[in-house]
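# Structural description and commentary
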Amino acid sequence: MDKATLALLVGGRSERMGQDKGLLPVRGKPLVLRQISRLKPLFQNILIICSSLEQKKQYEKLSEYRVICDDSGNDHAAYYGLICALKNSPTQKVVVLPVDAIGVDVALLKKLLSSHPFPAAYDGTPFPSVWLKEHLHHWTADERSILNLLKELSFTELKSTACEDKLLKVNLNTPEDVRAYFGEPVQDAWGRQLNYLRLSITENCNMACRYCLPQGFPGWESAKALLSFEGISNILQAFRSLGFEKVRFTGGEPSLHPNLLPAITEARSLGYETISLTTNGSYIRNCSSLVEAGLTHINISLDTIHERTFFKITGNKHFSKVLALIDQALELKMNVRINTVVLRTQNFHEISDLLEWAKQRPLTLRFIELMPTNLHQAYFKENWVSNEEVQRMARSLGYEPSSKLDGLEPAGPALLYDHPQSPCRLGFISPLSCNFCSRCNRLRVTAQGKLRLCLFSENDLALPLQESPEVLAKTIRALLVEKQEGHILAQGHMGNVAHFRGIGG
Ligand code: SAM
């Protein structure tokens, strides 16, 4: 995609909000910075367009981005904000967006930026719209609106889908709008803010990984061990109203669920910022339809780069399909993470081959220490490898502990390593040798529709899925008090985990 500048208009009057909207703190982060962090992967430049020198000073204090004051004297008029953006943009293409258009996401903007010719906008609405610097020639000092200018220039009009339409219509005019959109956040009894839902949508799986489900899931082609779409939608709505911003669809194998695509769309239209999928990658043919539906991140499980070992570990013959999916996801410029479980007797001797393969690719290769489950305690004893051993191997190849954060999970469990000459990043998740409970921000719902407060809980808690999202949210809030400070896996307590197929890992 060509270079483009994002011009965020912050000069609105914000009268009903009672304060400058862009500066409004939402969970400690001003709205303008939230917008920027969501959308910046698409842009080479960001401009903040404000309408007074006083405002300019405030925004300059807040961020390192360029703040420009629209000095046309027509304060608050978006039309003049657009002109100011076109005058100052360092790139030919400029996207104009008000700071409170928080429903506008990367997927909507990508579509708009790849339309032709410009200017372009959705359904006759002025925002978001894409312009070229040459449109400045059409500027006149008359009082005009962006919509009129779009029409005068015979703009490209994109039709939004129902989900996109909902996102385009989000308007944050009052504090109530903000609460309704971002939800009422929850904390557990230990003061941890929870905002990440891991939703196992099916127990069904087409693989038989030795460390998870060695006997496989007999009859998986016709099995119905899954959450209904209504159940999924209810859960997504309830968690969103509790301020959850991230959801991961997992399983079993979530791509076997016939409603995976609608579930992703539903999450997107509810405003989840991060929508990710953990998959074994063997059953997904078309990654782009998942991205179009709203998927932002994908984790693909791959324990080896050798076909024979792959078959030995997973009992599955679709090794080449998994590799093809990884390439497809990288071509789509997705955030790709590979999950690898290191196993002493199965893949440990060839981990350097996997590291070599990953070194050429812009992805994160994450080593997850084998976790014990009730089903395979002997296998665990035989195969557990401390991540410290793998870290030593990584350091000998030139990887160094990273000072940067994980974009998806800044406070997440992975310890990161980077290499000065490689686009590949390594992540180490070490539940046994290095417990990360103090930073826990997640809740799980199992494919049985039950709440699981910790991966290694002793039991799952019933949820009233047939009730309204409001009742469901209230129940979840009440059950939260039972969330423990941490698991005691290292002392051998693995809760009621027989395997991870219904929990999702
Ligand atoms: N089927 C999907 C997949 O293969 O990615 C999603 C479900 S799977 C249970 C989620 C993750 O859990 C996978 O990355 C898998 O490697 C990991 N996993 C399963 N059992 C595990 C175990 N005993 N120890 C560590 N990781 C495990």
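Source: prediction; values computed, not measured.

One way to put it is that helix 8 (residues 229–241) packs onto helix 16 (residues 469–479) with a least axis distance of 8 Å and a crossing angle of 60°. Taken as axis vectors, helix 8 and helix 16 run oblique relative to one another. Crossing handedness for the pair helix 8 and helix 16: right-handed. Contacts between helix 8 and helix 16 involve Asn234, Ile235, Gln237, Ala238, Phe239 and Ser241 from the first element and Pro469, Leu472, Ala473 and Ile476 from the second. Considered class by class, the residues forming the contact of helix 8 with helix 16 number seven nonpolar, three polar and no charged.

What follows is about helix 9 (residues 260–269). The buried count for helix 9 comes to seven of ten residues, which makes it a mostly enclosed element. Of the positions making up helix 9, those classed as buried are Leu260, Ala263, Ile264, Glu266, Ala267, Arg268 and Ser269. Of the residues one or two after helix 9, Gly271 is the one with positive phi, at around 95°.

Before going further, it helps to examine unusual backbone geometry. In this model, Phe118 is joined to Pro119 through a cis peptide bond whose omega is 5°. Here Pro119 is to be found in the loop between helix 4 (106–113) and strand 7 (120–122). A positive phi angle, near 45°, is found at Asp123, a position not held by glycine. Mapped onto the elements of the fold, Asp123 is located in the loop between strand 7 and strand 8 (129–132). One non-glycine residue, Lys333, lies in positive phi territory at about 60°. Judged by relative accessible area, which is 72%, Lys333 ranks as exposed.

With that out of the way, let us pick up the site of the ligand. Lining the immediate surroundings of the ligand are 18 residues, of which Gly252, Glu253, Ser301, Met371 and Phe500 lie closest. Between a nitrogen atom of the ligand and a main-chain N or O atom of Gly252, the distance comes to 2.8 Å. Here an oxygen atom of the ligand sits 3.4 Å away from a polar atom, N or O, in the main chain of Thr279. When the ligand sits alone it has 540 Å² of accessible area, and the protein chains cover 94% of it. For the shell around the ligand, the secondary-structure elements that each account for two or more residues are strand 13 (246–251), strand 14 (274–279) and strand 16 (335–341). Taken together, the residues that form the shell around the ligand break down as six nonpolar, ten polar and two charged.

On to the sheet that holds strand 9 (residues 156–158), then. Reading across the sheet, the seven strands line up as 5-4-1-6-8-7-9 and stay open at both edges, with mixed pairing between neighbours. The two strands at the open ends of the sheet, each matched to only one other strand, are strand 5 (66–69) and strand 9. Averaged over all pairs of adjacent strands, the angle between their axes in this sheet comes to 25°, without regard to strand direction. Looking at chain direction, strand 6 (residues 93–98) and strand 8 are connected through four bridges and run antiparallel. In the strand pairing of strand 8, Val94 is matched with Trp131. Docked against the sheet, helix 1 (residues 31–39) engages strand 1 (4–9), strand 4 (45–50) and strand 6, running at close to 160° with respect to strand 1.

Attention shifts here to the domain arrangement of the protein chain. Each domain of the protein chain was delimited in the assignment, giving domain 1 (4–173) and domain 2 (183–491). The centre of domain 1, based on its C-alpha atoms, is set 35 Å off from the matching centre of domain 2. The interface is formed by eleven residues belonging to domain 1 together with eleven residues belonging to domain 2. Buried area between domain 1 and domain 2, summed over both chains or domains, comes out near 920 Å², and the portion from carbon and sulfur atoms is 45%. By the criterion of area lost to domain 2, the three top residues of domain 1 are Arg27, Cys163 and Lys166, representing 51% of everything that side buries. Across the contact surface, domain 1 and domain 2 share four salt bridges.

Another aspect to go through is the side chain of Arg192. If you trace the backbone, Arg192 turns up in the loop between strand 10 (186–187) and strand 11 (193–194). Taking relative accessible area as the criterion, Arg192 reaches 8% and is therefore assigned buried. Only 2.8 Å separates the side chain of Arg192 from the backbone oxygen of Cys437, close enough to count as a polar contact. Setting aside residues up to four positions removed in sequence, Arg192 forms contacts with Val186, Gln187, Cys437, Ser438, Cys440, Lys483, Gln484 and Glu485.

Attention now moves to the pairing of strand 13. As a general feature of sheets, a regular strand has side chains that alternate between the two faces. For strand 13, the buried fraction is high: six of the six residues fall into the buried class. The alternating pattern of strand 13 places Lys246, Arg248 and Thr250 and Val247, Phe249 and Gly251 on opposite faces, both of which are buried. Judged from the six bridges that link them, strand 12 (residues 196–202) and strand 13 form a sheet pairing that is parallel. Directly across from Tyr196, in strand 13, lies its bridge partner Lys246.

The eleven strands lie next to each other as 18-19-20-17-16-15-14-13-12-21-22, forming an open sheet whose pairing is mixed. Looking at the sheet topology across the chains shown, the edges are occupied by strand 18 (400–401) and strand 22 (451–452). Here helix 12 (residues 319–331) sits on the sheet in contact with strand 14, strand 15 (297–301) and strand 16, set at roughly 160° to strand 15.

Grouped together as the largest cluster of nonpolar side chains are 100 residues, with contacts concentrated most on Leu199 and Phe249. With six residues, the top contributor of residues to this core is helix 12. Within the second largest apolar cluster, 35 residues are counted, among which are Val10, Leu42, Phe43 and Phe118.

Calculation rules
Residues numbered from 1 in each chain as written. Predicted model: local features only at pLDDT ≥ 70, side-chain atom pairs only at ≥ 80, totals over all residues. Heavy atoms only, no water. Axes fitted to C-alpha atoms, helices over the stretch in contact; angles between N-to-C directions. Helix = DSSP H or I, 4+ residues; strand = E, 2+ residues; numbered from the N terminus. Parallel < 35°, antiparallel > 145°, perpendicular 65-115°, else oblique. Left-handed = near helix turned anticlockwise from the far one by under 90°. Contact = heavy atoms within 4.5 Å. Nonpolar A, V, L, I, M, F, W, Y, C, P; charged D, E, K, R; others polar. Buried < 20%, exposed > 50% of the residue type's maximum accessible area, 1.4 Å probe, protein only. Near = heavy atom within 4 Å. Polar contact = N/O pair within 3.5 Å; in protein donor to acceptor, adjacent residues only side chain to side chain. Areas by Shrake-Rupley, 256 points an atom, 1.4 Å probe, with all protein chains shown as cover. Pairing = 2+ DSSP bridges. Domains from an automatic or database assignment. Buried area = accessible area lost by both parts, 1.4 Å probe. Salt bridge = Lys/Arg side-chain N within 4 Å of Asp/Glu carboxyl O. Core = buried A, V, L, I, M, F, W, Y, C linked by side-chain atoms within 4.5 Å.

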